[in-house]
Amino acid sequence: MQNTPSSPAPTSSKPPSNAPTSSTAAPIPDSAVREITALYEQTVTDHRIAGVTWAIVGGHGHDQAVLAHGAAGHRELAGGEPTPGSTPMDRGSISRIASLTKSFTAATILALRDEGKLRLDDPVEQYLPEAVGAVDLPADARPITLRDVLTMSSGLVTDNPWGDRQESMTREQFAALLRGGLGRSTTPGSGYEYSNTGFAMLGRVIDEVTGSDYTTEIRQRFLEPLGMVDSAFETSGLDSARIATGHRINERSDATRFEAEPFDRPGVYGAMAGLYSTVDDLAAWVRFLAAADAPDAADRPQDLLGTASRREMQQMHRHHLLPGGPIGSDGSTTGFDRIRGYGYGLVVDVLPDLRELVSHSGGYPGYGAFMQWHRDSGVGVVALANSKYAPLGELSVQAMQILAKHAPALFAPRVPEPSPRTVQAAGAALDWLRGAGDSLADAWFADNMDLDISRAERRRRLEQALNAAGLDQGALGSLRPEDAQPLSLTHLRWTVPGAESGGVQSGGTRSVLRIDLQMDPRREALIQGLDTVAVPRS
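A few points on the structure. Values in this document were obtained by computation on a predicted structure and should not be read as measured data.

### Focus: the overall build of the protein chain
Part 1 of the reasoning: From N to C terminus, the protein chain includes 15 helices and 19 strands.
Part 2 of the reasoning: In terms of overall dimensions, the protein chain has a C-alpha envelope of 80 × 55 × 55 Å along the principal axes.
Part 3 of the reasoning: Among the 538 residues that make up the protein chain, the fraction classed as buried is 53%.
Part 4 of the reasoning: Pairs at least 24 apart in sequence give 68% of the contacts found in the protein chain among residues at least 6 apart.
Part 5 of the reasoning: Put simply, the protein chain shows about 22700 Å² of open surface, and 51% of that area lies on carbon and sulfur atoms.

### A few points about the packing of aromatic side chains
Part 1 of the reasoning: In total, this model carries 11 aromatic pairs according to the counting rule given.
Part 2 of the reasoning: Aromatic pair Tyr194 and Tyr342: ring centres 6.4 Å apart, planes at 85°, arrangement edge-to-face. Of the two residues, Tyr194 sits in the loop between α5 (171-180) and α6 (196-210) while Tyr342 sits in strand β11 (residues 339-342), which places them 148 residues apart along the sequence.
Part 3 of the reasoning: Classification of Tyr342 as buried rests on a relative accessible area of 1%.
Part 4 of the reasoning: Ring centres of Trp285 and Phe288 lie 5.5 Å apart, and the angle between their planes is 25°; this geometry places the pair in the stacked category. Placement of the pair is Trp285 and Phe288 together in helix α9 (residues 279-290), with a separation of three residues, close to one helical turn. Phe288 shares its class with Trp285; the two are buried.
Part 5 of the reasoning: One aromatic cluster is present, built from ring pairs that chain together Phe104, Phe222, Trp285 and Phe288.
Part 6 of the reasoning: It is Arg310 that lies over the ring of Phe288; its NZ or CZ is 4.0 Å from the centre.

### Quick look at unusual backbone geometry
Part 1 of the reasoning: In this model, Ala98 sits at a positive phi of 50°, which is unusual for a non-glycine residue.
Part 2 of the reasoning: Phi at Arg355 is positive, roughly 60°, even though this residue is not glycine.
Part 3 of the reasoning: Residue position: Arg355 is located in strand β13 (residues 355-364).

### Overview of the packing of helix α2 (residues 101-114) against helix α7 (residues 214-223)
Part 1 of the reasoning: One way to put it is that α2 packs onto α7 with a least axis distance of 10 Å and a crossing angle of 80°. With respect to each other, α2 and α7 are oriented roughly perpendicular. Contact with α2, carried on its side by Phe104, Thr105, Ala107, Thr108, Ala111 and Leu112, involves Glu217, Ile218, Arg221, Phe222 and Leu223 of α7 and no other residues of that element.
Part 2 of the reasoning: Here the contact of α2 with α7 is built from residues that sort into seven nonpolar, two polar and two charged.

### Notes on the environment of His247
Part 1 of the reasoning: Here His247 lies in strand β7 (residues 246-249).
Part 2 of the reasoning: Ignoring anything within four residues of it in the chain, the contact list for His247 reads Ala50, Arg75, Glu76, Leu77, Phe258, Glu259, Ala260, Glu261, Gly366, Asn386, Ser387 and Lys388.
Part 3 of the reasoning: At a separation of 2.9 Å, a polar atom in the side chain of His247 contacts the main-chain amide nitrogen of Leu77.
Part 4 of the reasoning: Within the structure, His247 has its side chain in polar contact with the backbone oxygen of Asn386 (distance 2.8 Å).

### What about the pattern of salt bridges?
Part 1 of the reasoning: Here the structure, examined in full by the defined rule, presents 44 salt bridges.
Part 2 of the reasoning: Across the pair Arg171 and Asp207 runs a salt bridge whose closest N-O atoms are separated by 3.4 Å. You can see Arg171 sitting in helix α5 and its partner Asp207 sitting in helix α6, a full 36 residues away along the chain.
Part 3 of the reasoning: Residue Arg171 is classed as partly exposed on the basis of its relative accessible area, which comes to 34%.
Part 4 of the reasoning: We classify Asp207 as buried; its relative accessible area is 5%.
Part 5 of the reasoning: Close ionic contact of Asp376 with Arg355 constitutes a salt bridge, the shortest N to O distance being 3.8 Å. Here Arg355 lies in strand β13 and Asp376 lies in the loop between β14 (367-374) and β15 (380-385), a separation of 21 residues in the sequence.
Part 6 of the reasoning: According to the relative accessible area criterion, Arg355 is partly exposed, its value standing at 29%.
Part 7 of the reasoning: Through salt bridges with shared partners, a single ionic network connects Asp293, Arg355, Glu356, Arg375, Asp376 and Arg414.

Conventions we followed
- Residues numbered from 1 in each chain as written.
- Predicted model: local features only at pLDDT ≥ 70, side-chain atom pairs only at ≥ 80, totals over all residues.
- Heavy atoms only, no water.
- Helix = DSSP H or I, 4+ residues; strand = E, 2+ residues; numbered from the N terminus.
- Buried < 20%, exposed > 50% of the residue type's maximum accessible area, 1.4 Å probe, protein only.
- Contact = heavy atoms within 4.5 Å.
- Areas by Shrake-Rupley, 256 points an atom, 1.4 Å probe, with all protein chains shown as cover.
- Phe/Tyr/Trp six-rings, centres within 6.5 Å; stacked < 30°, edge-to-face > 60°.
- Lys NZ or Arg CZ within 6 Å of the ring centre and 35° of its normal.
- Axes fitted to C-alpha atoms, helices over the stretch in contact; angles between N-to-C directions.
- Parallel < 35°, antiparallel > 145°, perpendicular 65-115°, else oblique.
- Nonpolar A, V, L, I, M, F, W, Y, C, P; charged D, E, K, R; others polar.
- Polar contact = N/O pair within 3.5 Å; in protein donor to acceptor, adjacent residues only side chain to side chain.
- Salt bridge = Lys/Arg side-chain N within 4 Å of Asp/Glu carboxyl O.

Have a look at this one:
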């Protein structure tokens, strides 16, 4: 077992094309690395995982792709003990990444879309004639589209246990499968239903559109340019000494529960889960995808897949309804602990503490995998385990929460930069609130302003809010546009603390003055909202 804050990668590879030019983000404290290390090691001690390797991925402002890493357990066990010649899991261990492969397949489909070779709203059967009539659809339903499949909206039946065993299926066998017909659980485009078979279809679409095969396309488009030298769909070109053997789990609770699982050969279903990789290679992939939300995204390389398309992958295109909290005796519930949706080969979660996280899990015969990153900062976690359905999602979210506890600056929310027009308007609005003449309002108020609220009423509401906060007009004297919190390019908010000796609401809560400015939608925008209210101090 080991952890190293910043040792070099085990293999040489060219830097990812999305790397930042200077390090501006916070480092990881040793205390966080120790706690995360203990978290993963405990899962091996408790025999939940045969072996695991993990890494903390640098964010938008970090020079380093991997900020810390660690590993625990062994590459292969038999009878609860390492097999002869087996070595401990380490940073260079190669493992199956299972359904993380879906993000590579989705990215390839988007690249082909960007090249004008297909459209996301094309029916799958346009590229796979054998898919015509494969699903019995209601009379009012449209054919299943590429977009439906990308977003898990195809209505095809969830097929994790069965699909996991189909990797080696040939094109001919897959065509026969489609001609034989597929079941469905929902109408296409109407709900979330996770389908591995759908992504096998996407792999076949890549084959047909390119005249090649999906494995070659993914390798040439992404693996090689990003320097992912330890990633492949088959093991023949990889260092066999570093490949972790997969393990299924029996009912025992000690280390003898792990039983070696034989490898599959790549076939059609590999498009949904077939890649092998390492934490360093996955870190390069995470950085490439996460760069779509970096502050300088527009200035980063666009050649492999434009940042606009990478952002498109990471949006909630299909809501994934999660179970709510338990219902109490009074009928109340704690509600949902998060909002979740599926993008294109990626999952998006919104959590109360960490806000937006982008991820995908992987579970496969013998293996588990997980990658996740924080949208605002780009900081992420990748983990690979050599036992079936390892709880890496749970562990990786805990790792992110540990990072947030020890280094909250790592997860500082993005602050939008207001447009120059908004800043100019803000100066005029503040001057008008301070009592300047109506010539400023004439110049900057949009036509709705006086129709919605008269100027005299706006001044009366300002006075009322000031009084409620225990303030007077002098509190506005030092306010500047740059003191506002930018909520968007066109929405600013000032918060002025109430006086300690006043500003107490009837409930005993002190108030603050809040001023909101919103611009209208035109390029030469004017002010469409200027609201002043007293709100409870948080």
